[in-house]
Amino acid sequence: MVCARLERVVSHHTSFFTDPEMSLMMNRVRCHGVALLVLALGTAAMLADASSRRAAQGRRAAEVEAAVRLLGTADLALSSASRWLRHPSLSEPGAAFADAPALLDADPAGALIGPPFEVSGPGAGGTAGRTMPWRSR
Amino acid sequence: MRRHLALARFALGSGGRRAGRTLTLTLALALVTAAFSAVLFLTEALRREYRLGVGLLPDLTVQRLVAGRPGLIAEAHARAIAAIRGVTRVEPRVWGYYFVPALAGNFTVVGADFAGPSAGVNPGVVLGEGRLPGRGATGEAVLGEALAGFLGLSVGDAIELPVGNGSQRFEVVGLFRSSVALWSADVLLLSLEDARRFLQVPEGEATDLAVRLSTPDEATVAAGKIAELVPGARIVDRQLLDRTYDLTFDTRGGLMGAMLLPALAAFLVLAWDRLTGVGPGERREIGVLRAVGWKTSEILEARLWENLLIGAYGAGLGLLGAYGYVFLLGAPGLREVLMGWSSLYPAFDLAPAVTAGQVLVVGTLVVVPFVTLSLVPAWHATTRDPHGLLRGTT
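Here is what the cut-offs are and how they apply
- Residues numbered from 1 in each chain as written.
- Chains lettered and ligands numbered in written order.
- Predicted model: local features only at pLDDT ≥ 70, side-chain atom pairs only at ≥ 80, totals over all residues.
- Heavy atoms only, no water.
- Helix = DSSP H or I, 4+ residues; strand = E, 2+ residues; numbered from the N terminus.
- Buried < 20%, exposed > 50% of the residue type's maximum accessible area, 1.4 Å probe, protein only.
- Contact = heavy atoms within 4.5 Å.
- Axes fitted to C-alpha atoms, helices over the stretch in contact; angles between N-to-C directions.
- Parallel < 35°, antiparallel > 145°, perpendicular 65-115°, else oblique.
- Left-handed = near helix turned anticlockwise from the far one by under 90°.
- Nonpolar A, V, L, I, M, F, W, Y, C, P; charged D, E, K, R; others polar.
- pLDDT = per-residue confidence, 0-100.
- Pairing = 2+ DSSP bridges.
- Salt bridge = Lys/Arg side-chain N within 4 Å of Asp/Glu carboxyl O.
- Phe/Tyr/Trp six-rings, centres within 6.5 Å; stacked < 30°, edge-to-face > 60°.
- Core = buried A, V, L, I, M, F, W, Y, C linked by side-chain atoms within 4.5 Å.
- Domains from an automatic or database assignment.
- Polar contact = N/O pair within 3.5 Å; in protein donor to acceptor, adjacent residues only side chain to side chain.

## Regarding the overall build of chain A
Secondary structure assignment for chain A yields five helices and zero strands. Each helix (α) and strand (β) of chain A, taken in turn from the N terminus, gives the series α-α-α-α-α. The buried share of chain A, taken over its 137 residues, is 45%. Of the contacts made within chain A by residues no fewer than 6 positions apart, 28% connect residues no fewer than 24 positions apart.

## Considering the side chain of Thr61 of chain B
Tracing the sequence through the fold places Thr61 of chain B in strand E1 (residues 60-66). Apart from the residues within four sequence positions on either side, Thr61 of chain B is in contact with Leu90 of chain A together with Arg93, Asp208, Leu209, Arg234, Ile235 and Val236 of chain B.

## Structural notes on the environment of Ile73 of chain B
Residue and element names in this part refer to chain B. On the secondary structure map, Ile73 appears in strand E3 (residues 73-74). Between the C-alpha atom of Ile73 and that of Thr382, which follows or precedes it by 309 residues, the distance is 75 Å. Among residues more than four places away in sequence, those in contact with Ile73 are Val62, Gln63, Arg64, Gly204, Glu205, Ala206, Thr207, Asp208, Leu209 and Val230.

## As for the packing of helix H2 (residues 19-54) of chain B against helix H12 (residues 296-328) of chain B
All names here are of chain B. Their axes nearest at 6 Å, the elements H2 and H12 cross at an angle of 40°. As judged from the angle between their axes, H2 and H12 are oblique. In this structure, the crossing between H2 and H12 has a hand that is right-handed. Here the residues of the contact of H2 with H12 are counted per class, giving 18 nonpolar, seven polar and no charged.

## Regarding the confidence of the model for chain A
Residue and element names in this part refer to chain A. Mean pLDDT over chain A stands at 69; residues scoring 70 or higher make up 48%. Across chain A, the element-wise mean pLDDT spans from 46 in helix H5 (residues 117-125) up to 89 in helix H3 (residues 61-71). When the criterion is pLDDT under 50, residues 119-137 qualifies, and its contacts beyond four places in sequence or with other chains add up to 37 contacts.

## Things to note about the pairing of E1 of chain B
Residues and elements named next belong to chain B. Of the strand pairs in this sheet, E1 and strand E12 (residues 208-213) are connected by three bridges, and their pairing is antiparallel. Bridging from a neighbouring strand, Thr61 pairs with Ala210 of E12. Of the pairings in the sheet, the one linking E1 to strand E2 (residues 69-71) comprises three bridges and is antiparallel in character. Its bridge partner being in E2, Leu65 is matched across the sheet by Pro70.

## Notes on the pattern of salt bridges
Residues and elements named next belong to chain B. Taken as a whole and judged by the stated rule, the model has 12 salt bridges over all chains. Across the salt bridge formed by Arg238 and Asp59, the nearest N and O atoms sit 3.2 Å from each other. Residue Arg238 is found in helix H9 (residues 238-248), and its partner Asp59 is found in the loop between H2 and E1; the two are separated by 179 residues along the sequence. Neither Arg238 nor Asp59 differs from the other in exposure class; each is buried. Residues Arg196 and Glu75 are paired through a salt bridge, measuring 2.9 Å at the closest nitrogen-oxygen approach.

## Digging into the packing of aromatic side chains
All names here are of chain B. Applying the stated criterion to the full structure yields seven aromatic pairs over all chains. Consider the rings of Trp95 and Tyr97, whose centres lie 5.7 Å apart with planes at 85°: the pair is edge-to-face. Taking relative accessible area as the criterion, Trp95 reaches 13% and is therefore assigned buried. For Tyr97, a relative accessible area of 24% gives the class partly exposed. Seen from their ring centres, Tyr98 and Phe198 are 4.8 Å apart, and the 35° between their planes marks the pair as tilted. Taken together, the positions of Tyr98 in strand E4 (residues 87-100) and Phe198 in helix H7 (residues 192-199) put the pair 100 residues apart, joining distant regions of the chain. Judged on exposure class, the residue Tyr98 and its partner Phe198 are both buried.

## A few points about H7 of chain B
All names here are of chain B. Burial analysis of H7 places six of its eight residues in the buried class, which makes it a mostly covered element. Listing the buried residues of H7 in full gives Leu192, Asp194, Ala195, Arg196, Phe198 and Leu199. Note on H7: the residue one or two positions beyond its end, Gln200, has a positive phi of about 55°.

## What about the nonpolar core?
Membership of the largest hydrophobic core comes to 53 residues, with the highest contact counts inside it found for Leu70 of chain A together with Val126, Phe176 and Leu189 of chain B. In terms of residues, this core owes the most to one element, H2 of chain B, which gives nine residues. Once residues within four sequence positions are removed from consideration, Val126 of chain B is found in contact with Glu63, Ala66, Ala67 and Leu70 of chain A together with Val121, Phe176, Arg177 and Val180 of chain B. With 27 residues, the next largest nonpolar core counts Ala148, Ile159, Leu161 and Val172 of chain B among its residues.

## A few points about the environment of Leu375 of chain B
All names here are of chain B. Mapped onto the elements of the fold, Leu375 is located in helix H14 (residues 356-382). On the basis of relative accessibility, which here comes to 21%, the residue Leu375 falls in the partly exposed class. Here the alpha-carbon distance between Leu375 and Ser184, two residues 191 residues apart in the chain, equals 53 Å. Among all residues touching Leu375, those that are not within four sequence positions of it are Leu300, Arg303 and Leu304.

## So, the domain arrangement of chain B
Interface size is often expressed as the accessible area that is lost when the parts come together. All names here are of chain B. The domains assigned to chain B are domain 1 (2-53 + 244-391) and domain 2 (73-206). Applying the counting criterion to the domain 1 and domain 2 interface returns zero salt bridges. Linking domain 1 to domain 2 there are zero residue pairs in polar contact (both at pLDDT 80 or more). A class-by-class count of the residues in the side of domain 1 that touches domain 2 yields seven nonpolar, one polar and one charged.

## Digging into the pairing of strand E8 (residues 158-163) of chain B
All names here are of chain B. On E8, burial follows the alternation: Ile159, Leu161 and Val163 on one face are buried, whereas Ala158, Glu160 and Pro162 on the facing-out side are not. Here E8 runs beside strand E9 (residues 166-176); their pairing, made up of six bridges, is antiparallel. Considered in E9, the bridge of Ala158 is made with Glu171. Linking E8 to E9, which pair antiparallel, is a turn of two residues; within it Gly164 sits at a positive phi near 55°.

## As for the confidence of the model for chain B
Residue and element names in this part refer to chain B. Per-chain confidence: chain B averages 81 in pLDDT, with 85% of residues scoring 70 or above. Per-element confidence in chain B ranges from a low mean pLDDT of 62 for helix H10 (residues 254-275) to a high of 94 for strand E11 (residues 205-206). In the model output, the complex is listed with pTM 0.75 alongside ipTM 0.76.

See below:
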């Protein structure tokens, strides 16, 4: 009985793939299947590349640690145009407004590096312990 | 299976018959995905770089605010702070900025205390060339890669920098490694004594105090005690920084948001186009299908296949394009805009923070709304009278 059922299943699938109408149908589906497979492989290659770059980053961790120890700050040197962009963690609150009279934020890097709210907020009061609930995230 | 494949085949044929529209939708979706993914990839990679070094920061950094700006802090405070229970070390630091008109920007001057915390640093690890300034030596400097490149200096060269009414001469004894350019690109590293002279910081004063604690979790308590000891002090907590620095790359949407607005608008226009109704051709097609006995669920399934395919192609191409743009090409255009007007751009290779989970989330965020939006008008059309659809009256 099991054999008969298996036979029926096999014959169903065989006829499915040998049917000329279905064969035509499959050609188009197969074509897109291949394209999607290429995309999936591309995505897998992207993830593999990201992983290998992360491993390379891990290998230079000791160099970064030594540099941070020597320089005393972990702030990134992405922009040295203003002190609050160069050292967002060590600049005083409102530093962004202090570069020139009436200057708000002239540098496009301000779109990327904003002073951390919780750091600059309590800093104005002088201690790190207090929080500003209306600005906390 | 056979039924679903037949519907998929019909959907593919349907997409092929409207090749122009299908291609436009796919490309538009790919562009929107690429724009959002590029910014996401770049900011996530920068955040990851920052996290590499944040663990080594002092538990507390004590500054003194004068007229709302950081002023110099008396080294005498260091002794008082060191007496607080739980404080293991207090290091007065001397650092600052030097504005160079020719550079149209600042470079960062750091005084390294080779008798203190910098003593244990292995020069071979952090320097690409040369050595660190000798203990007690004067007139020796280590330069960041971008700064040395901008000034055209290499190890063994000398530079004379104006200070006050006079000038100070430095010999370049070392260059930082390019692998740490993100931290050291604009740095002029001097001995503590040289930095004090160069930045005109009087003896007995410092730029700030770095405080190390035996139990970092007690930073808030220690900060409170320091605030009582040093009136007007600004105390930066590393743990707080660690938690909140994550936000610094994206708290201000600013220009990035503005840059993405056109892409977002394009996507919304597309979505609106899909929402407000199907075209006359599709309407007739749905009418024919309804007339020959297709069920609503079958028509919707065919549309689902068609739009899923467009969504998958668009999201896939967008993600791959964004990755190539950011990590292989170095994000030309986006990088210049985001990095500001500085003359010193660090040359760095970012490590992508892209994971399978992120790819899945971005893909889902793009594909699901698109497919959902596109099903609504099709469902509307299928509920109408097939004759009306064929005649174009409904």
